[in-house]
Amino acid sequence: GAVVSQHPSRVICKSGTSVKIECRSLDFQATTMFWYRQFPKQSLMLMATSNEGSKATYEQGVEKDKFLINHASLTLSTLTVTSAHPEDSSFYICSARHQETQYFGPGTRLLVL
Amino acid sequence: GENVEQHPSTLSVQEGDSAVIKCTYSDSASNYFPWYKQELGKRPQLIIDIRSNVGEKKDQRIAVTLNKTAKHFSLHITETQPEDSAVYFCAASPNNAGNMLTFGGGTRLMVKP
């Protein structure tokens, strides 16, 4: 149990376009999901906390208008990278809380050309 | 906010030897300390966690110790195997996993056969 999926697993887009990443809890309901960003050979940096039915909480330095988060249901949170630029290229990972443990999705590798 | 330091950043051991990774945290309110294993390009997998009401927890070859007074916790892997090679992250969180995780910088463990 406690499986988290992400889609797509990898995406290549042109600079200036928007990309949506989905995070789903497959066998449990998650009122809280988290979005992380990971650069090569670096740690996971929390970007925002996604709360079902309310606004996301963003970490300091993360632009809420650039990284739009929507948590419309108990099993789905989406992260939209708007007007993507090459510096947004990274590995984006979500996690969902289930019974006092956080379970991670497989990640989405974004490459902005 | 919380700050988690992890050492060493890289660790190379011979198969069968033990490996120890250490983390320190700054926020005395933190009371949940998970350890994740991440293989290249994959999601972090929870391998063991400890809560502040215990000082040690063991699961087969893996053990974690916690010193609340000194604000540090350690991961111990005994009888290492080549498949233990990965990046290991420690993390800290207040209020169990209900709140966000702050990750350490990661340790790249290499087990030489």
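Description of the structure in this document. Only a predicted model underlies this, so the values are computations on that prediction, with no experimental measurement involved. (Residues numbered from 1 in each chain as written. Chains lettered and ligands numbered in written order. Predicted model: local features only at pLDDT ≥ 70, side-chain atom pairs only at ≥ 80, totals over all residues. Heavy atoms only, no water.)

## A closer look at the packing of aromatic side chains
Ring pairs (aromatic) are described by centroid distance and by the angle formed between their planes. Scanning all chains against the criterion turns up eleven aromatic pairs over all chains. On the basis of an interplanar angle of 85° and a centroid distance of 5.5 Å, the ring pair of Tyr36(A) and Phe103(B) is categorised as edge-to-face. Taken as a pair, Tyr36(A) in strand β4 (residues 32–38) and Phe103(B) in strand β10 (residues 102–103) lie in two separate chains rather than in one. Residue Tyr36(A) shares its accessibility class with Phe103(B), and that shared class is buried. (Phe/Tyr/Trp six-rings, centres within 6.5 Å; stacked < 30°, edge-to-face > 60°. Helix = DSSP H or I, 4+ residues; strand = E, 2+ residues; numbered from the N terminus. Buried < 20%, exposed > 50% of the residue type's maximum accessible area, 1.4 Å probe, protein only.)

## Re the state of the cysteines
Simply put, the disulfide is a covalent bond whose two ends are the sulfur atoms of two cysteines. As enumerated under the stated definition, the model contains two disulfides over all chains in all. Each sulfur in the disulfide pair Cys23(A) and Cys94(A) lies 2.0 Å from the other. An S-S torsion of about 80° defines the bridge between Cys23(A) and Cys94(A) as right-handed. With Cys23(A) in strand β3 (residues 19–25) and Cys94(A) in strand β9 (residues 90–98), this pair connects stretches of sequence that are 71 residues apart. Given the relative accessible area of 0%, Cys23(A) is considered buried. Linked covalently through their sulfurs, Cys23(B) and Cys90(B) form a disulfide whose S-S length is 1.9 Å. Here the S-S torsion is close to -100°, and the disulfide linking Cys23(B) with Cys90(B) is therefore left-handed. Residue Cys23(B) is located in strand β3 (residues 19–25), and its partner Cys90(B) is located in strand β9 (residues 86–94); the two are separated by 67 residues in the primary sequence. Of the two residues examined, Cys23(B) and Cys90(B), each falls in the buried class. (Disulfide = S-S within 2.5 Å.)

## Some thoughts on the interface of chain A and chain B
Bring the parts together and some accessible area is lost; that lost area is often taken as the interface size. If you look at the interface, chain A gives 20 residues, while chain B gives 21 residues. Looking at the side of chain A facing chain B, the largest losses of area belong to Glu100(A), Gln102(A) and Phe104(A), adding up to 32% of the total buried there. On the surface where chain A and chain B come into contact, there are zero salt bridges. Summed over the shared surface of chain A and chain B, the result is five residue pairs in polar contact (both at pLDDT 80 or more). Elements supplying a minimum of two residues to the side of chain A that touches chain B: β4, β5 (44–51), β9 and β10 (101–104) of chain A. In the side of chain A that touches chain B, the residues fall into nine nonpolar, six polar and five charged. (Contact = heavy atoms within 4.5 Å. Buried area = accessible area lost by both parts, 1.4 Å probe. Salt bridge = Lys/Arg side-chain N within 4 Å of Asp/Glu carboxyl O. Polar contact = N/O pair within 3.5 Å; in protein donor to acceptor, adjacent residues only side chain to side chain. Nonpolar A, V, L, I, M, F, W, Y, C, P; charged D, E, K, R; others polar.)

Note that all results are geometric; they support no functional claim without further evidence.
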